[in-house]
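The chain contents come next:
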2 protein chains.
Amino acid sequence: MRIITISREFGSGGREIGKRLADVLGFDYYDSEIISAVAKNKGLDKEYVELNLSNHGWQNVPISFRGTIGSTAYIQSSKIQLLIEQKRVIEAIAALGKDVVIVGRNADVLLREYNPFNVFVCADTETKLKRCRERAKEGEVYTDKQLIRKMKYIDKTRAKTRALMTGTGWGERDAYHLTLNTAGWEIKSLVPIVAYFSDLWFRGKE
Amino acid sequence: MRIITISREFGSGGREIGKRLADVLGFDYYDSEIISAVAKNKGLDKEYVELNLSNHGWQNVPISFRGTIGSTAYIQSSKIQLLIEQKRVIEAIAALGKDVVIVGRNADVLLREYNPFNVFVCADTETKLKRCRERAKEGEVYTDKQLIRKMKYIDKTRAKTRALMTGTGWGERDAYHLTLNTAGWEIKSLVPIVAYFSDLWFRGKE
């Protein structure tokens, strides 16, 4: 059983690397599937779970949800419940014993005992902006300044969640086997080499 | 002409990767050769230049040298002269137009216009301690605590020198194409894959 985890800065292309890597290697792939499972297990709306967990802090939960639930304190506590459920889902994925690529959600630390191969994907701001623009949903009208603020906010939330759940730093170089900067690369061209790298790692551990 | 630069945490094995990489690729290799050239050009003792530039701050210059020169302010200013000479030496190496691996000394930033492939090598403290122990000169009697202090001090000096000369951060993930964590690897096994990675990079830029 081999587990590859991909942590990434927002907009760096980490998710695409993860997806392509899973395709190339024939591994199962988990990303938003984890959110779906958490939502299902908790009997909640997927969008609500995603807003709360995935990228956005509780500050961003729409007013309509806030109204329903009542107080900020409740939302905070509910977020922690969701994180605990997310942790359970990730552990259950590992317990299946299959080869997997997991994107985000601190799987590298949560599944430490399985000796996963851990990749962090980053890029400079300009590269990430360009990527966000190319992948923007139709009708999205962020200015560069707004997009940069969004990227920073999401990464900051990821760092906070990581600190909360694992007590370790997010994006700190010695927490990952490999830190990849996608600036100047075509994402596709990086995939075979990351696959080879991980293979080398797993063969060394056999 | 292809330039590979290796920046590294003290004790991480970055120098060994650089040396082996140059051997495998048939590139010229520069590391302490740069110090020798600076010393020669300035008519100074190599050990003196090394103490001043390479790893140690002016605080560590032996009393005997301090005595000769007179004042701390003079040593500081002399250090800057040495850094300027070092910059000249690195630019002269690049101007030769040959394929090279350069270890340390901010060559990644100084030679930015040549579009080098930039690698940062790191490891966790335990791995670095082990490596330092294995490579200790005979009669070296540091405690773990002393060694850790030394490692931190050297890395801090490198970060300071980088900030001074380039205005950029040291070890920041988006400043390098690749950040490699040597923990759990045999250094030798990493070399072919870094060679392949750099080759992919240079072919993409042709």
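The shown structure was predicted, so the numbers you read here are calculated from the model rather than taken from an experiment. (Residues numbered from 1 in each chain as written. Chains lettered and ligands numbered in written order. Predicted model: local features only at pLDDT ≥ 70, side-chain atom pairs only at ≥ 80, totals over all residues. Heavy atoms only, no water.)

1. Details of the interface of chain B and chain A
Applicable threshold: Only heavy atoms matter for contacts: two residues are in contact if any of them lie within 4.5 Å across the pair. Buried area is understood as the total, over both parts, of accessible area removed when two parts are fitted together, assessed with a 1.4 Å probe. Salt bridge, as used here: a side-chain nitrogen of Lys or Arg that lies within 4 Å of a carboxyl oxygen of Asp or Glu.
Contact residues are listed per partner, giving 28 residues for chain B and 28 residues for chain A. Each partner contributes to the roughly 2,300 Å² buried at the junction of chain B and chain A, and carbon and sulfur atoms together form 63% of this total. Considering only the surface of chain B that becomes buried against chain A, Arg173, Trp185 and Ile193 of chain B emerge as the three largest contributors, covering 31% of it. Summed over the shared surface of chain B and chain A, the result is two salt bridges.

2. What to know about the confidence of the model for chain A
Residue and element names in this part refer to chain A. Selection criterion: Note on scores: pLDDT gives the predictor's confidence for each residue, bounded by 0 and 100.
Of all residues in chain A, 88% have pLDDT values of 70 or greater, and the mean over the chain is 85. Note that pLDDT drops below 50 for residues 56–71; the model gives that stretch 29 contacts with residues more than four away or on any other chain. Predicted as a complex, the structure gets a pTM of 0.84 and an ipTM equal to 0.78.

3. What to know about the pairing of strand E3 (residues 100–103) of chain A
Residues and elements named next belong to chain A. Applied cut-off: Each residue's exposure class comes from its accessible area (1.4 Å probe, protein chains only) as a fraction of the maximum for that residue type: buried when under 20%, exposed when over 50%, partly exposed otherwise. Each helix is a run of DSSP H or I of at least 4 residues and each strand a run of E of at least 2, with the numbering of both proceeding from the N terminus. A pair of strands is considered paired only if DSSP assigns at least 2 bridges between the two.
On E3, burial covers both faces: Val100 and Ile102 on one face and Val101 and Val103 on the other are all buried. The pairing of strand E2 (residues 28–30) with E3 spans three bridges and is classified as parallel. Paired with Asp28 across the bridge in E3 is Val100.

4. A look at the environment of Gly169 of chain B
Here Gly169 of chain B is to be found in the loop between helix H8 (144–166) and strand E5 (178–181). Apart from the residues lying within four places of it in its own chain, the contact partners of Gly169 of chain B are Arg162 and Tyr176 of chain B.

5. A look at unusual backbone geometry
With the exception of glycine, most residues fall at negative phi, and the peptide bonds are largely trans. Look at Arg105 of chain A: it is not a glycine, yet its phi comes out positive at around 65°. Counting through the fold element by element, Arg105 of chain A comes out in the loop between E3 and helix H6 (107–110). With a phi angle near 55°, Asn115 of chain B is a residue other than glycine that sits in the positive phi range. On the basis of relative accessibility, which here comes to 35%, the residue Asn115 of chain B falls in the partly exposed class.

6. Here's the deal with the side chain of Arg105 of chain A
Residue and element names in this part refer to chain A. As a reminder, the rule being used: For this analysis, a polar contact is any N or O atom pair within 3.5 Å, provided that within protein one partner can donate a hydrogen and the other can accept it, and provided that sequence-adjacent residues contribute only side-chain to side-chain pairs.
The class for Arg105 is buried, based on a relative accessible area of 11%. Side chain to side chain, Arg105 and Asp31 meet in a polar contact 2.9 Å long. A distance of 3.0 Å separates a polar side-chain atom of Arg105 from the backbone oxygen of Val103.

7. Side note on the relation of the copies chain B and chain A
Keep this limit in mind: We place the copies in one frame by least squares, fitting the C-alpha atoms of every residue whose pLDDT is at least 70 in both.
Rotating chain B by 180° about the axis while translating it 0.0 Å along that axis superimposes it on chain A, leaving an RMSD of 0.0 Å. Each copy turns onto its partner about a two-fold axis. When C-alpha distances to the rotation axis are compared across chain B, the minimum falls at Thr179 of chain B, with a value of 2.4 Å. Of the interface residues in chain B, 100% have counterparts in chain A that sit at the interface too, so the contact is made through matching surfaces.

8. Re the state of the cysteines
Residue and element names in this part refer to chain B. What counts is decided by this rule: Disulfide: a pair of cysteine sulfur atoms within 2.5 Å of each other.
The final tally for this structure, using the stated rule, is zero disulfides over all chains. No disulfide involves Cys132; its sulfur sits 14 Å from that of Cys122, the nearest cysteine. Under the relative-accessibility criterion, Cys132 is labelled buried at 11%.

9. A word on the pairing of strand E4 (residues 117–122) of chain B
In summary, the side chains of a regular strand alternate between the two faces of the sheet. All names here are of chain B. In terms of burial, E4 is a largely internal element, six of the six residues being buried. Alignment of E4 against E5, held across four bridges, turns out to be parallel. From the neighbouring strand, Cys122 faces E5, where its bridge partner is Asn181.

10. Remarks on the pattern of salt bridges
Enumeration over the complete set of coordinates arrives at 36 salt bridges over all chains. Salt-bridge contacts for Glu85 of chain B lead to Arg88 of chain B; the nearest nitrogen and oxygen are separated by 2.6 Å. With a gap of three residues between them, Glu85 of chain B and Arg88 of chain B both fall in helix H5 (residues 72–95), about one helical turn apart. Judged by its relative accessible area of 7%, Glu85 of chain B falls in the buried class. Here the residues in one salt-bridge network are Glu16, Arg20, Arg131 and Arg135 of chain A, joined through shared partners.

11. Focus: the environment of Val191 of chain B
All names here are of chain B. Relative to the helices and strands, Val191 resides in helix H9 (residues 187–205). Judged by its relative accessible area of 2%, Val191 falls in the buried class. As a C-alpha pair, Val191 and Arg20 span 171 residues in sequence and 6.7 Å in three-dimensional space.

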